[in-house]
Amino acid sequence: MGPTAAGKTAAAIRLAETFEQRGVDLVSVDSAMVFRGMDIGTAKPETDILRRFPHALIDVRDPTETFSVADFLEAADTVVAESLEAGRIPLLVGGTMLYFRAFKQGLAPMPPADPAVRADIVARACELGWPALHGELAARDPAAAAGMDPSNGRRIERALEVLTLTGRSITEFWHQPSPGAGDRLGCELVEVCLTPEPRTILHQRIAARLDAMLAAGFVDEVRALRRIPNLGAAAQSMRAVGYRQVWQHLDGEFERGELAGRIAAATRQLARRQLTWLRGWGDVAATVNTPDEAVRATAALLA
């Protein structure tokens, strides 16, 4: 686990190489890599890497579709169970902390979506803006709001929907007892956090990766995605960091010269939220600063 641009994928691939004879099954824990056609802006592993070391849960949805936490948990449980049954090592890697928590702790049953309630929330967001609704959520469920991007409409919408339907916060549901990974899958969960320190190192990695993305054609990638019928800025896929900013630029909201700065700022904010999650994480077997340290620590734990 770790923040964006920390080097998690590189470390995971090296671990797969290290344990190639024993067998490692890589499982992506990334809410943007699930979408097809979103390659550059998600820093998705290159085709030759994926051919040699396939990652489960990459390219499993079209960008017009959705992929919920419950979808992730069901798919991840299936992949991990099959890997364990085959005597291999399932290695989950990514930075979507909500997915990691669901995998670790399980997911309590929550009320199904209510179209009327959602329509009302969306209508208020159109009038007031998602940051205003995020403030409303912060007043009613501060723990949930603290881990959410104020512009992430999908998560804010769901949290307010649960409050409206049940009178209970989504945080209560998150902490409701449910079978954890060990009980569901009969395995031991070994957790390693890759958190580069000092923070300036992570910021430098974010900047360098963003430069590479833009040079590789990130804007053209989003321009191509915009041609997909029924795909709009409100889609779950297009609310991902980077894609949202490029879409806004292509809509004419700001000039190209502002784009890199806006994406970098949003990415640093994402990294701060991820680090906040990790600071409160329990049962971590090792916390390391570099991909090399992550490889050594994880290899020692798996030996």
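Now for a quick tour of the structure. (Residues numbered from 1 in each chain as written. Predicted model: local features only at pLDDT ≥ 70, side-chain atom pairs only at ≥ 80, totals over all residues. Heavy atoms only, no water.)

### Description of the overall build of the chain
In step 1: Helix and strand content of the chain: 15 helices and five strands.
In step 2: In terms of overall dimensions, the chain is globule-like: its C-alpha atoms have a radius of gyration of 19 Å, near the 19 Å expected for 303 residues.
In step 3: Overall, the chain is about 55 × 45 × 40 Å in size when its C-alpha atoms are taken along their principal axes.
In step 4: Put simply, the chain has 303 residues, and 48% of those count as buried.
In step 5: A sequence separation of at least 24 residues applies to 74% of the contacts in the chain between residues at least 6 apart.
In step 6: Roughly 14300 Å² of accessible area belongs to the chain as shown, and the carbon and sulfur atoms make up 51% of that amount.
In step 7: Positive and negative side-chain charges of the chain, numbering 34 and 38 respectively, have mean locations separated by a distance of 3 Å. (Helix = DSSP H or I, 4+ residues; strand = E, 2+ residues; numbered from the N terminus. Rg over C-alpha atoms; globule rule 2.2 N^0.38 Å. Buried < 20%, exposed > 50% of the residue type's maximum accessible area, 1.4 Å probe, protein only. Contact = heavy atoms within 4.5 Å. Areas by Shrake-Rupley, 256 points an atom, 1.4 Å probe, with all protein chains shown as cover. Lys, Arg positive; Asp, Glu negative; His and termini not counted. Charge placed at Lys NZ, Arg CZ, Asp CG, Glu CD.)

### Brief notes about the state of the cysteines
In step 1: Applying the stated criterion to the full structure yields zero disulfides.
In step 2: Just so you know, cysteine 187 is unpaired, no disulfide at all, and the nearest cysteine sulfur is the one on cysteine 193, 17 Å from it. (Disulfide = S-S within 2.5 Å.)

### Observations regarding the pattern of salt bridges
In step 1: Applying the stated rule across the entire model yields 23 salt bridges.
In step 2: Note that glutamate 136 and arginine 124 form a salt bridge whose closest N and O atoms lie 2.8 Å from each other. Placement of glutamate 136 in helix 6 (residues 130-140) and of arginine 124 in helix 5 (residues 115-128) is noted, with a sequence separation of 12 residues between them.
In step 3: Taking relative accessible area as the criterion, glutamate 136 reaches 25% and is therefore assigned partly exposed.
In step 4: Given the relative accessible area of 24%, arginine 124 is considered partly exposed.
In step 5: Ionic contacts of the salt-bridge type, sharing partners, join the residues Arg118, Glu157, Arg158 and Glu161 into one network. (Salt bridge = Lys/Arg side-chain N within 4 Å of Asp/Glu carboxyl O.)

### Side note on the sheet that holds strand 3 (residues 89-94)
In step 1: Sheet architecture is open: three strands sit in the order 2-1-3, paired in parallel fashion. At either margin of the open sheet sits one strand with a lone partner, and together these are strand 2 (55-56) and strand 3.
In step 2: With six bridges joining them, strand 1 (residues 24-29) and strand 3 adopt parallel strand pairing. Following the sheet pairing, leucine 26 is matched in strand 3 by leucine 91.
In step 3: The strands touched by helix 4 (residues 97-105) within the sheet are strand 1 and strand 3, with strand 3 carrying the most contacts at an inclination of about 145°. (Pairing = 2+ DSSP bridges. Axes fitted to C-alpha atoms, helices over the stretch in contact; angles between N-to-C directions.)

### Re the environment of serine 83
In step 1: Tracing the backbone shows serine 83 in helix 3 (residues 69-85).
In step 2: Between the alpha carbons of serine 83 and alanine 139 there is a distance of 43 Å; along the sequence they are 56 residues apart.
In step 3: Setting aside its immediate chain neighbours within four residues, serine 83 contacts Asp25, Arg88, Ile89 and Pro90.

### Thoughts on helix 12 (residues 218-225)
In step 1: Among the residues of helix 12, those classed as buried are Phe218, Val219, Glu221, Val222 and Leu225. Relative to the axis of helix 12, the buried residues are bounded by an arc of 160° and lie together on one face.
In step 2: Tucked into the core, helix 12 has its buried residues touching helix 11 (199-215), helix 13 (243-250) and helix 14 (256-279). (Arc of directions from axis to C-beta.)

### Details of the pairing of strand 1
In step 1: Within strand 1, five of the six residues are buried, which leaves the element mostly enclosed by the surrounding structure.
In step 2: Sheet analysis places strand 1 next to strand 2, joined by two bridges and oriented parallel. Residue pairing across strands places valine 27 opposite alanine 56, the latter belonging to strand 2.

### Thoughts on the nonpolar core
In step 1: One finds Met38, Phe72, Phe103, Phe218 and Tyr243 to be the most contacted residues of the largest nonpolar core, which totals 61 residues.
In step 2: A per-element tally of this core places helix 4 first, with six residues.
In step 3: Beyond its immediate stretch of four places on either side in the chain, methionine 38 contacts Ala32, Lys44, Pro63, Glu221, Leu225, Ser237, Met238, Ala240 and Tyr243.
In step 4: The next biggest cluster of nonpolar side chains, apart from the first, holds 26 residues, and it includes Phe53, Val192, Val295 and Ala297. (Core = buried A, V, L, I, M, F, W, Y, C linked by side-chain atoms within 4.5 Å.)

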